[in-house]
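Structural overview for review
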Amino acid sequence: MPDTTAPLRLGIAGLGTVGTGIVRMVQNHPEMIAARAGRPIEITAVTARDKDKDRGVDLSGYTWAQDAVSLAQRDDVDVFVELIGGHEGTAKDAFEAALAAGKDVVTANKALLAIHGNELATSAEAQGRVVRFEAAVAGGIPVIKSLTEGLAGNQITRVMGVMNGTCNYILTRMESAGLPYDEVFAEADALGFLEADPNLDVGGIDAGHKLALLSSIAFGTQVDFDGVELEGIGAITIDDIKQAADMGYRIKLLGVAQMTGRGLEQRMSPCLVPALSPLGQLEGGTNMVVLEGDEVGQIVLRGAGAGSGPTASAVMGDVIDIARGLRIPTFGQPATTLRKVRSAQAAVAAPYYMRMQLIDKPGALAKVASILGDAGISIDQMRQYGHEDTSAPVLIVTHKTTRSAIDTATAGFADTGVVTGDPVCIRIETV
Ligand code: HSE
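Here goes a summary of the coordinates provided. Model, not experiment: these values are computed from the prediction.

Let us now look at unusual backbone geometry. In this structure, A138 is a non-glycine residue whose phi angle is positive, near 60°. On the secondary structure map, A138 appears in the loop between β6 (131-132) and α6 (143-150).

So this is what it looks like as structure tokens:
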């Protein structure tokens, strides 16, 4: 039996904003943390790329390990805190080394778990180890704790979320400042909001990783990142944002996961949501997760999705749970019981917003309407909202239809000779 009164000793790999945030928390409130955890929590060893960098925190009391793998294997480490990031290489090697050495692991690494979560959880549980990852999804929002503990008695019916603060910043700033995407993207870059590979943010990948992790817990299924239908925000124009606002909607990079008769639907894509809904009102870099359960109904969690304090807060919550002796399986139930299910791409019907550029000549609109009709799509609203030389932007809102019908119709537009460029099609989500 592990000694549950001895100090719990942390080894931290990665000393960026999150790692230093944890150091600060442990140093600032040791008594409070010990009282809540039932035992002291200490940092014994740390490592990062650059030993000599001034990080604004006192690391002199800790052993500096040569590398993350040796840190993970140290005898004076009980919990390996992985804050390196990336789904291959050092992070994965050190994670596996920690499990093999009998350590529990706390991580903020969404990519690693979204891609290797099934095997890492299976391996951890076979070895009696705990893996916690609250910080990997929506920063400081305790959404994993909500699903695995508070809502554990519910059948979860739907999970939705705005889980990439950078995208929400870009979309809300485009609207408030009336600026085009490229300009706001450059601003976000200058502010340091973008990941080293910006496509992780604006391509929806980072948020898709997070959705895949939540789906697994919510629906008791194996993590299936490949099953997430991904679409980024790069094609959204200020025109789309204005037209959406005119109709009472806002555009969000929205994740939706739900179990359907045809399989697990997981989508991370731009959606129109009612402007007055909690999701519609979410401004700037904030995150929001909406959980729906058969008994609890709908709950809404809102908070900072990134940053030193919020992410360190999530890591420390996990560490304190381990100190308390709480040993919940990685995805809320034993990894060997997680079901492998089919993925259902956008199985649930919804109205769609379509914007296209039409050549201004007689019969152009009729051709578009006919193709929509042939695809079984009924038009709810249609408007031409300007005029540019020989073509005009046209906006169509459909009645409920499926993504595959929309794709059939847009493929058909290409042969009409009246639609120029690629139409923008955005789902209108009922939230
Ligand atoms: N880049 C993410 C965001 C934070 O903008 O929300 C880390 O997942």
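The structure having been displayed, the exposition proceeds.
Glancing now at the site of the ligand. The environment of the ligand is made up of K110, N164, G165, T166, E195, D201, D206, K210 and A306. Measuring from a nitrogen atom of the ligand, one finds a side-chain N or O atom of D201 at 2.8 Å. Separating an oxygen atom of the ligand from a side-chain N or O atom of D206 is a distance of 2.7 Å. The fraction of the free accessible surface of the ligand (260 Å²) that becomes covered by protein chains is 89%. Of all elements in the fold, only α7 (165-177) and α10 (205-219) reach the threshold of two or more residues within the shell around the ligand. Counted by class, the shell around the ligand contains one nonpolar, three polar and five charged residues.

Turning next to the packing of aromatic side chains. Each aromatic ring pair is summarised here by two numbers: the centre-to-centre distance and the angle between the ring planes. The final tally for this structure, using the stated rule, is three aromatic pairs. Look at F133 and F331: their rings are 5.4 Å apart centre to centre, the planes differ by 55°, and that puts the pair in the tilted class. Taken together, the residues F133 in the loop between β6 and α6 and F331 in the loop between α12 (308-324) and β13 (352-359) connect sequence positions 198 residues apart. Like F331, F133 is buried.

Bringing the environment of C425 into the picture now. Relative to the elements of secondary structure, C425 occurs in strand β16 (residues 419-428). In this structure C425 touches E231, Y353, M354, R403, I406 and T410, once residues within four positions along its chain are discounted.

Relative orientation of the contacting elements α7 and helix α11 (residues 238-246) amounts to 75°, with a least axis distance of 10 Å. Classed by the angle they form, the pair α7 and α11 counts as roughly perpendicular. When α7 is examined against α11, the residues L171, M174 and E175 are found in contact with a partner set consisting of I238, I241 and A245. When grouped by side-chain class, the residues that make up the contact of α7 with α11 number five nonpolar, no polar and one charged.

Here the focus is helix α14 (residues 403-413). Among all positions of α14, only R403, A405, I406, A409, T410 and F413 are buried. One side of α14 holds all its buried residues, which, seen down the axis, span an arc of 155°. The outward face of α14, more than 90 degrees from its buried face, is lined by the exposed residues S404, T408 and A411. Buried residues in α14 make contact with β8 (228-230), β13, α13 (364-374), β15 (391-398) and β16.

This brings us to the pairing of strand β11 (residues 286-293). Counting buried positions over the eight residues of β11 gives eight, a clear majority of the element. Because side chains alternate across β11, one face comprises the buried residues T286, M288, V290 and E292, and the other comprises N287, V289, L291 and G293, equally buried. Where strand β7 (residues 156-162) and β11 come together, six bridges link them in antiparallel fashion. Bridge pairing links R158 to E292 in β11. Between β11 and strand β12 (residues 297-304), which pair antiparallel in sequence order, lie three residues.

What follows concerns the side chain of Q258. Examined against the element boundaries, Q258 turns out to sit in strand β9 (residues 249-260). The class of Q258 is buried, set by a relative accessible area of 11%. Beyond its immediate sequence surroundings of up to four residues, Q258 is in contact with T157, R158, F219, G263, L264, E265, R267 and V348.

For D318, the position within the fold is in helix α12. According to the relative accessible area criterion, D318 is buried, its value standing at 2%. One polar contact links D318 to R132, side chain to side chain, over a distance of 3.3 Å. Discounting chain neighbours no more than four positions away, the residues touching D318 are V106, R132, F133, E134 and A135.

Right, let's talk about the nonpolar core for a bit. Core analysis: the largest hydrophobic core is formed by 80 residues, its most contacted members being V137, V143, I170, L214 and I233. With nine residues, the top contributor of residues to this core is α10. The next biggest cluster of nonpolar side chains, apart from the first, holds 33 residues, and it includes L15, A37, A314 and V319.

Our next topic: the sheet that holds strand β2 (residues 41-47). One open sheet holds the six strands; their spatial order is β3-β2-β1-β4-β5-β6, and the pairing between them is parallel. The sheet is open, and its two borders are formed by β3 (63-64) and β6, each paired with just one other strand. Sheet contacts for helix α4 (residues 90-100): β4 (79-82), β5 (104-107) and β6; angle to β4, the most-contacted strand, approximately 170°.

One pass over the full model with this rule turns up 22 salt bridges. Notably, a salt bridge pairs R9 with D78, separated by 2.9 Å at the nearest N-O pair. Placement of R9 in strand β1 (residues 8-13) and of D78 in the loop between α3 (68-72) and β4 is noted, with a sequence separation of 69 residues between them. Assessed through its relative accessible area of 27%, R9 is described here as partly exposed. Where D321 meets R324, a salt bridge forms, and the shortest distance between an N and an O atom there is 3.2 Å. Separated by three residues within a single helix, D321 and R324 lie in helix α12, roughly one turn from each other. By relative accessible area, which is 49% here, R324 ends up partly exposed. The network of salt bridges with common partners includes R132, K145, E149, D318, D321 and R324.

The rules behind these values
- Residues numbered from 1 in each chain as written.
- Predicted model: local features only at pLDDT ≥ 70, side-chain atom pairs only at ≥ 80, totals over all residues.
- Heavy atoms only, no water.
- Helix = DSSP H or I, 4+ residues; strand = E, 2+ residues; numbered from the N terminus.
- Near = heavy atom within 4 Å.
- Polar contact = N/O pair within 3.5 Å; in protein donor to acceptor, adjacent residues only side chain to side chain.
- Areas by Shrake-Rupley, 256 points an atom, 1.4 Å probe, with all protein chains shown as cover.
- Nonpolar A, V, L, I, M, F, W, Y, C, P; charged D, E, K, R; others polar.
- Phe/Tyr/Trp six-rings, centres within 6.5 Å; stacked < 30°, edge-to-face > 60°.
- Buried < 20%, exposed > 50% of the residue type's maximum accessible area, 1.4 Å probe, protein only.
- Contact = heavy atoms within 4.5 Å.
- Axes fitted to C-alpha atoms, helices over the stretch in contact; angles between N-to-C directions.
- Parallel < 35°, antiparallel > 145°, perpendicular 65-115°, else oblique.
- Arc of directions from axis to C-beta.
- Pairing = 2+ DSSP bridges.
- Core = buried A, V, L, I, M, F, W, Y, C linked by side-chain atoms within 4.5 Å.
- Salt bridge = Lys/Arg side-chain N within 4 Å of Asp/Glu carboxyl O.

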